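# Structural description and commentary
The chain contents come next:
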Protein chains: 2
Amino acid sequence: MSPSPDRAADGSTDRTAGASVLVVDDEHAIVRALTAALEARHYRVTAARTGHEALELAATMTPDVVVLDLGLPDLDGLEVCRRIRRWSEVPIIVLTAEGSDRVKVQALDEGADDYVTKPFSTPELLARLRVALRHHRRSASDDADLAEHQVGELVVDHLHHEVRVAGERLDLTPKEFGFLAVLARHPGRVFTHRMILQEVWGEAYGTETQYLRVYASQIRKKLAGRPAPVLVTEPGVGYRLVDAADGS
Amino acid sequence: MSPSPDRAADGSTDRTAGASVLVVDDEHAIVRALTAALEARHYRVTAARTGHEALELAATMTPDVVVLDLGLPDLDGLEVCRRIRRWSEVPIIVLTAEGSDRVKVQALDEGADDYVTKPFSTPELLARLRVALRHHRRSASDDADLAEHQVGELVVDHLHHEVRVAGERLDLTPKEFGFLAVLARHPGRVFTHRMILQEVWGEAYGTETQYLRVYASQIRKKLAGRPAPVLVTEPGVGYRLVDAADGS
DNA sequence: CCGCTGCGCCAAGATCCCGTAAAGATCGGC
DNA sequence: GCCGATCTTTACGGGATCTTGGCGCAGCGG
């Protein structure tokens, strides 16, 4: 490609900035050095000193990546790795003093995503951290791709940004689409005026209820005569989307 | 998630068995040793000796993972890495003799997923290979990682960096190519302004929507009068590429 | 019975967004 | 250092969309 101005040679400015990192190590010096280096790159850093603390924090703060020293006072580092892997796929970068192949291989097979031996080069660790975040970001966005809501014969397809009724494409303006998409997220449930306005128009528009009347009307017009759900008014409260066939 | 029955301690029997590996190195001894080690684990191995050969094979055989030596006779290894990343997210494990930090960091930021210095420990390399395969397995469901994408009569060939319509080469500028290539990766799907801008121009350009209008216009002009797909505008949202023949 | 309130609906501006052309600015090759 | 290709920026017309005000209606309480 062309030389992008945003790709710094050291990768310090990239989309991984601002991610939260859990650093697990009992050596104070290491924690301090790592924290400093990471915060300088605008990561949010949390430190844990023991295995149990690490497990606790991994669960409560849901970090974007974990840097894990294997030599912990209470639990075996490998055990920590294994336990996190039981419920989370957060990237784990293992850090260790000894360079034994056996441990290295075991850690990687146990669910670690990378392995760096001490003494480590900080730039290298940071680069590997960016790799881990890159991966995680990718698989996370894959999950979000599956967004599609169905209400009776009506399908709101966020991926293609279109609405289909009985398979036929329905042509909506951006605001109309937004309105309908909000309601379709929870069929039958009431959304207040405020909720819809703030979601579609923005935070500041919480009271412009006349917009809703206009757009509700237009949406109903476009849905009329089709085997589609009905846009129901909840007087004084808001709107909801109800499948014509059932009375939920 | 749950403790997998396929996770043996030495990793010899796991779900990654049978995967295809592309080994890129000009040293015969390394290739021989690696091939032997990999085939013993029932991987399918293909070897490339030069950068160009590597790119060609990466495109035609779509390996599950690439092991890439940076010291190649024709192309810089980093360049190979970059070119593969233009169209594929196949895991790349970089292999190199020199241990310079700068190169290491650069390779990782350039798209490499891991980095091993020679002389390397075979068990470790194999373990890292398993990690790479584990990662990619997650998002291997889509067909975005192909060197060629076809939409109707239009073919985007990432390897040769060219576009053909009905077999005839279409002359595009780099930005035009990038724009079209993004859309062709998922025909019919909407790409938001932000997505396209960040992919083609860079992270920092997420709001420069006037570029898109200019280039959309130019691309349409070049596609006009040919049996090509149509570049459709989704007002307020983005663009998508639709085969003229069908309505997807 | 009457006024008030909230809603549906309409239609006229106002505004935003898009497409297009064309003029600088920039870059790379010769 | 010039020249051509490409990228960036500006400007403008047209059209779709959004916003706004108004009107009629129904329900409700005074």
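Residues numbered from 1 in each chain as written. Chains lettered and ligands numbered in written order. Predicted model: local features only at pLDDT ≥ 70, side-chain atom pairs only at ≥ 80, totals over all residues. Heavy atoms only, no water.

Moving on: the sheet that holds strand E5 (residues 114-117) of chain B. All names here are of chain B. As summarised here, the arrangement of the 5 strands in space is E2-E1-E3-E4-E5, forming an open sheet in which the pairing is parallel. Two strands in the sheet have a free side with no partner beyond their single neighbour: strand E2 (44-48) and E5. Ignoring which end each strand starts from, the neighbouring axes of this sheet average 20° apart. Here strand E1 (residues 20-24) runs beside strand E3 (residues 65-69); their pairing, made up of 4 bridges, is parallel. Paired with Val 21 across the two strands is Val 65, which belongs to E3. In the packing of helix H4 (residues 101-109) onto the sheet, the strands contacted are strand E4 (92-96) and E5, and the crossing angle to E5 comes to about 150°. (Pairing = 2+ DSSP bridges. Helix = DSSP H or I, 4+ residues; strand = E, 2+ residues; numbered from the N terminus. Axes fitted to C-alpha atoms, helices over the stretch in contact; angles between N-to-C directions. Contact = heavy atoms within 4.5 Å.)

Attention now moves to the pairing of strand E6 (residues 148-151) of chain B. All names here are of chain B. A one-sided burial pattern is seen for E6, the buried positions being His 149 and Val 151 and the unburied ones Glu 148 and Gln 150. Sheet topology note: the E6/strand E7 (residues 154-157) ladder contains 4 bridges and is antiparallel. In the strand pairing of E7, Glu 148 is matched with Asp 157. Joining the antiparallel neighbours E6 and E7 is a turn of 2 residues, in which Gly 152 adopts a positive phi near 60°. (Buried < 20%, exposed > 50% of the residue type's maximum accessible area, 1.4 Å probe, protein only.)

Moving on, we come to the packing of aromatic side chains. Across all of its chains, the model carries 8 aromatic pairs over all chains by this definition. Where Phe 179 of chain B meets Tyr 239 of chain B, the ring centres are 5.7 Å apart and the plane angle is 75°; that geometry is what we call edge-to-face. Of this pair, Phe 179 of chain B sits in helix H6 (residues 174-185) while Tyr 239 of chain B is found in strand E12 (residues 238-242), placing the two residues 60 residues apart along the sequence. The exposure classification of Phe 179 of chain B matches that of Tyr 239 of chain B, with both residues buried. An aromatic cluster is defined as three or more aromatic residues linked by ring pairs; in this entry it consists of Trp 201, Tyr 205, Tyr 211 and Tyr 215 of chain A. Between the NZ or CZ atom of Arg 189 of chain A and the centre of the ring of Phe 191 of chain A, over which it lies, the distance is 5.6 Å. (Phe/Tyr/Trp six-rings, centres within 6.5 Å; stacked < 30°, edge-to-face > 60°. Lys NZ or Arg CZ within 6 Å of the ring centre and 35° of its normal.)

Okay, the pattern of salt bridges next. Counted under the stated rule, the structure contains 43 salt bridges over all chains. Arg 164 of chain A is the salt-bridge partner of Asp 157 of chain A, the closest N and O atoms lying 3.4 Å from each other. The burial state of Asp 157 of chain A is the same as that of Arg 164 of chain A; both residues are buried. The network of salt bridges with common partners includes Lys 104, Asp 114, Glu 124 and Arg 128 of chain A together with Lys 104, Asp 114, Glu 124 and Arg 128 of chain B. (Salt bridge = Lys/Arg side-chain N within 4 Å of Asp/Glu carboxyl O.)

All names here are of chain B. If you trace the 4 strands from one edge of the open sheet to the other, you get E6-E7-E8-E9, paired in antiparallel fashion. Where the open sheet ends on each side, the last strands, each with one partner, are E6 and strand E9 (168-170). Each adjacent strand pair in this sheet contributes to an overall mean axis angle of 25°, direction not counted. The strands that H6 touches are E6, E7 and strand E8 (162-165); relative to E7, the one it contacts most, it runs at about 110°.

Within an α-helix, residues lying three or four positions from one another point in the same direction, as the helix has 3.6 residues per turn. Residues and elements named next belong to chain B. In this model H6 runs 16 Å from its N-terminal to its C-terminal C-alpha over 12 residues, within 8% of the 16 Å that 1.5 Å per residue would give. Within H6, 10 of the 12 residues are buried, which leaves it mostly tucked inside the rest of the structure. Among all positions in H6, only Lys 175, Glu 176, Phe 177, Gly 178, Phe 179, Leu 180, Ala 181, Val 182, Leu 183 and Ala 184 are buried. (Expected span 1.5 Å × (residues − 1).)

Annotation of chain A at the domain level lists domain 1 (6-140) and domain 2 (143-246). Between domain 1 of chain A and domain 2 of chain A, the C-alpha centre-to-centre distance is 43 Å. (Domains from an automatic or database assignment.)

Mean pLDDT over chain A stands at 87; residues scoring 70 or higher make up 88%. Note on residues 1-13 of chain A: pLDDT under 50 across the span, and 15 contacts to partners over four residues away in sequence or across chains. (pLDDT = per-residue confidence, 0-100.)

Attention now goes to the protein's contact with DNA strand C. If you check the shell around DNA strand C, you find 19 residues, and the closest are Thr 233 and Gly 236 of chain A together with Arg 220, Thr 233 and Tyr 239 of chain B. At a separation of 2.9 Å, a phosphate oxygen of DNA strand C approaches a polar side-chain atom of Arg 220 of chain B. At 3.3 Å from a phosphate oxygen of DNA strand C is found a side-chain nitrogen or oxygen belonging to Lys 221 of chain B. Listing elements by their share of the surface near DNA strand C, those giving two or more residues are helix H8 (209-223) of chain A together with helix H8 (209-223) of chain B. In the surface near DNA strand C, the residues fall into 5 nonpolar, 8 polar and 6 charged. (Near = heavy atom within 4 Å. Polar contact = N/O pair within 3.5 Å; in protein donor to acceptor, adjacent residues only side chain to side chain. Nonpolar A, V, L, I, M, F, W, Y, C, P; charged D, E, K, R; others polar.)

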